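Examination of the molecular architecture
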Amino acid sequence: MSDIASSSFVRRDLLTERPAPVKTTGFVGLVRTRLFNSPTNILLTIVGALLLWFTIVPSVRFLMVDAVWSGKDRTACLTENAGFAVGACWPYIQAKLPQLIYGFYPEAERWRVNLTFILAVALLVPLLVPRLPAKGLNASLFFFAFPVVAFFLLHGGGIKGFGLSWTAGLLELFDDSIIGAGQAVLGLSKTSAVAPLLWAVGSFIVLVGTAISWLILPLIWLRDQIQGAGQSIWADFAVTTAVVSLIAFGLGGGLRTGWRALASSIVAFGAIAIVIKLMGLDRGGLPVVTTNLWGGLLVTLVVSVTGIVTSLPIGIALALGRRSTIPLIRIFSIAFIEFWRGVPLITVLFFATYMLPLFLPGNFTVDGLVRALIGIALFTGAYQAENVRGGLAAIPRGQGEAAAALGLSWWKTTSLIVLPQALRHVIPNLVNSFISLFKDTSLVSIVALFDLLGSLRASFSDPKWSTPSTAFTGFAFAGIIYFIFCFGMSRYSLFVEHRLNAHRRN
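Now for a description of the structure that goes with this document.

So, how was this worked out
- Residues numbered from 1 in each chain as written.
- Predicted model: local features only at pLDDT ≥ 70, side-chain atom pairs only at ≥ 80, totals over all residues.
- Heavy atoms only, no water.
- Helix = DSSP H or I, 4+ residues; strand = E, 2+ residues; numbered from the N terminus.
- Rg over C-alpha atoms; globule rule 2.2 N^0.38 Å.
- Buried < 20%, exposed > 50% of the residue type's maximum accessible area, 1.4 Å probe, protein only.
- Polar contact = N/O pair within 3.5 Å; in protein donor to acceptor, adjacent residues only side chain to side chain.
- Contact = heavy atoms within 4.5 Å.
- Salt bridge = Lys/Arg side-chain N within 4 Å of Asp/Glu carboxyl O.
- Phe/Tyr/Trp six-rings, centres within 6.5 Å; stacked < 30°, edge-to-face > 60°.
- Lys NZ or Arg CZ within 6 Å of the ring centre and 35° of its normal.
- Disulfide = S-S within 2.5 Å.
- Axes fitted to C-alpha atoms, helices over the stretch in contact; angles between N-to-C directions.
- Parallel < 35°, antiparallel > 145°, perpendicular 65-115°, else oblique.
- Left-handed = near helix turned anticlockwise from the far one by under 90°.
- Nonpolar A, V, L, I, M, F, W, Y, C, P; charged D, E, K, R; others polar.
- Core = buried A, V, L, I, M, F, W, Y, C linked by side-chain atoms within 4.5 Å.
- Patch = residues over 30% accessible without salt bridge, like charges linked within 9 Å, V, L, I, M, F, W, Y side chains within 5 Å.
- Areas by Shrake-Rupley, 256 points an atom, 1.4 Å probe, with all protein chains shown as cover.
- Expected span 1.5 Å × (residues − 1).
- Bend = angle between axes of the 7 residues up to and from the residue.

**Details of the overall build of the protein**
- In terms of regular secondary structure, the protein is built from 21 helices and two strands.
- For the protein, the C-alpha radius of gyration of 32 Å lies well beyond 23 Å, the compact-globule estimate for 506 residues.
- Over its C-alpha atoms, taken along the principal directions, the protein stretches across nearly 115 × 90 × 55 Å.
- Looking at the 506 residues of the protein, the share that counts as buried comes to 35%.

This is the structure in structure tokens:
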């Protein structure tokens, strides 16, 4: 014990002071550890600061400091009248703002555009907030009910029939196309070297068309009887409601479990009847505003939102088709994807606008904006298919094997297990395509559709606002609008990605 006490050590002098540790947090820590911690970073920091100084400072001076904020015409934005070097001419934007938003939409009917924007925001915001309930109902209203209501609000017009008349008309058009093709083949058989073969093929096609016409004859007769009545729309509506409700009742389980499906169908058709009555669609509806009068931000949003919403289902279907084990489906999907990815969007717009009507029957016309929307949806869907296919390839095979071991079908395995994980992996790629599509909507101006940039260029021709800074002000305003939408989509995609990848956080 004494040996231990004698060998103990007790320090009697204080240690010399050591320097305080280097601060690595806050602004000082950022500067010390990230910006000036090496010669290379010092050089890059100086170059970056100079770039910001020579870009942001002049932009702020142009947009804010040297800008003119009030005036009635171009004289307010001239240097000799303002007394200083004039920057942005914001009175020009104030005067042309209705044209930049609505295009040439009639001023008395612009409340319809405003109401459409309000409905879109009212349905989209609850869909984007994860904590709000009733996502299924909200999604059904936004993706199915809202496009129909928006069409009748923006375009106007009414309806002359409902599901029965529409189905009969489509079947009749399809039957006429088949019979017409058969008659064309019969006409070729009169001057061809293989006349017997063409005559046999044409006769067979005409026979098929005739058989189809006999099959749809009761439906055509019922449509004609309904249209001959006084209230053809509501009679057609009642028949459609009864048929669809009975089908939903049968598919839902019949007398055992089909009552819920029947009630949902009746409620849905009741809501449709209320909308028809409120909008007066049975009496001609609102005044028609043709799409050649649409323009500005309205066209940009219509084209981009329609392309975004429709391209993703098309891409998912093509991606699944490309991985299919059925050769016909796989070959068709591959050919479709490679064809549309190998053609420029400008070519697609030209074909959809000017050449597509040449391939349609003489009594069938498609609106110019609708043709552009179809072309953009198919073009973007091909790109989305490759994004989705990349996500599907990232899913381990064991996921599908485990689902098969549990007895799940291919549809349930794909929709409940494989596809949700695949889409979660490719959220950045999908949103990148959406942002690119939103900016590419400016290409519709080459097919006589005035989007935001098209309306902006048209406003430059007004001599009342012809100043040296008018063009710069207009493009700066358009750039701010595009940045707000694209930056918003980017930040929301990061939020969704972070929320869905909660299991991977450290």
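Don't stop here, the text continues.
**So, the side chain of T353**
- Of note, T353 is situated in helix α15 (residues 345-355).
- Here the side chain of T353 touches L349 through a polar contact of 2.8 Å, landing on its backbone oxygen.
- Here T353 is in contact with R371 and V447, once residues within four sequence places are set aside.

**Brief notes about the pattern of salt bridges**
- A complete count under the given rule lists twelve salt bridges for this structure.
- The partner of E338 in a salt bridge is R322, and the shortest N-O contact between them spans 3.3 Å. You can see E338 sitting in helix α14 (residues 327-341) and its partner R322 sitting in helix α13 (residues 297-322), a full 16 residues away along the chain.
- Residue classification places R322 among the buried residues on the basis of a relative accessible area of 17%.
- The partner of E338 in a salt bridge is R341, and the shortest N-O contact between them spans 3.9 Å.

**Focus on the packing of aromatic side chains**
- If you walk through the whole model with that rule in mind, you get 23 aromatic pairs.
- Ring plane angle 15° and centroid distance 5.3 Å describe the contact between F483 and F487, whose orientation is recorded as stacked. On the criterion of helical spacing, the pair formed by F483 and F487 is a turn pair, its members being four residues apart in helix α21 (residues 470-500).
- Taken together, the aromatic side chains of F162, W166, W234, F237 and F269 make up a single cluster linked through ring pairs.
- In this arrangement the basic side chain of R341 is found over the ring face of Y383, its NZ or CZ atom lying 5.8 Å from the centre.

**Considerations on the state of the cysteines**
- A full pass over the atoms with the stated rule returns one disulfide.
- Covalent S-S linkage joins C77 and C89, the inter-sulfur distance amounting to 1.9 Å. The S-S bond linking C77 to C89 shows a torsion near 70°; that makes this disulfide right-handed. Remark: C89 occurs in the loop between α4 (79-82) and α5 (90-102) and C77 occurs in the loop between α3 (39-65) and α4; sequence separation between them is twelve residues. The two residues C77 and C89 agree in class, both being buried.

**Considerations on the environment of F84**
- Within the element layout of this structure, F84 appears in the loop between α4 and α5.
- Judged by its relative accessible area of 35%, F84 falls in the partly exposed class.
- Remark: the alpha-carbon pair of F84 and W259, spanning 175 residues in sequence, is separated by 75 Å.

**Quick look at the packing of α5 against helix α20 (residues 452-459)**
- At a minimum axis distance of 10 Å, the contact between α5 and α20 shows a crossing angle of 130°. The angle between α5 and α20 falls in the class oblique. The two elements α5 and α20 meet at a crossing, and its hand is right-handed. Each of Y92, K96, Q99 and L100 in α5 lies in contact with α20, whose residues at this interface are L452, S455, L456, A458 and S459.
- Across the contact of α5 with α20, the residue classes tally to five nonpolar, three polar and one charged.

**Some points on the nonpolar core**
- By size, the foremost hydrophobic cluster in this structure holds 41 residues, and its most contacted members are Y105, W294 and V444.
- Elements supplying a minimum of two residues to this core: α13, α14, α15, α16 (368-393), α18 (410-425) and α19 (427-440).
- When residues in this core are grouped by element, the largest group, nine residues, is from α16.
- Contacts of V444, omitting those with residues within four sequence positions, involve V299, V303, L349, I376, L449 and D451.
- Counting residues in hydrophobic clusters, the runner-up holds 25 residues, among them C89, L297, V431 and C486.

**Brief notes about a nonpolar patch on the surface**
- There is a patch of nonpolar side chains on the surface, built from I346, F350, F351, Y354, M355, L358, F359 and I446 and spanning about 800 Å² of accessible area.
- Its location among the elements puts F351 in helix α15.

**Some points on the packing of α5 against α21**
- Running from amino to carboxyl end, α5 crosses α21 at an angle of 55°, the nearest separation of the two axes being 10 Å. The orientation of α5 relative to α21 falls into the category oblique. Where α5 crosses over α21, the two elements pack in a sense that is right-handed. Of the residues in α21, those in contact with W90, Y92, I93, L97 and L100 of α5 are T470, T473, G474 and F477.

**Quick notes on unusual backbone geometry**
- Not every positive phi belongs to a glycine, and A134 is a case in point at roughly 55°.
- Judged by relative accessible area, A134 falls into the partly exposed class, the value being 49%.

**Here we look at the environment of R32**
- One can find R32 in helix α2 (residues 26-35).
- Overall, the relative accessible area of 41% leaves R32 in the partly exposed class.

**Details of α5**
- Taking 1.5 Å as the rise per residue, α5 with 13 residues should run 18 Å; its terminal C-alpha atoms sit 19 Å apart, in good agreement.
- Maximal helix bending in α5 amounts to about 55°, located at K96; proline P98 follows within four positions.
- Taken together, the buried positions of α5 are W90, P91, Y92, I93, K96, Q99, L100 and Y102.
- Of the surrounding secondary structure, the elements contacted by the buried residues of α5 are α3, α6 (110-128), β1 (295-296), α13, α20 and α21.
- With its phi angle positive at about 70°, G103 sits one or two positions after the end of α5.

**Some points on helix α7 (residues 135-154)**
- The principal kink in α7, of about 45°, is found at A145, preceding the proline P147 by one to four residues.
- Buried residues along α7 sit against α6, α12 (259-279) and α13.

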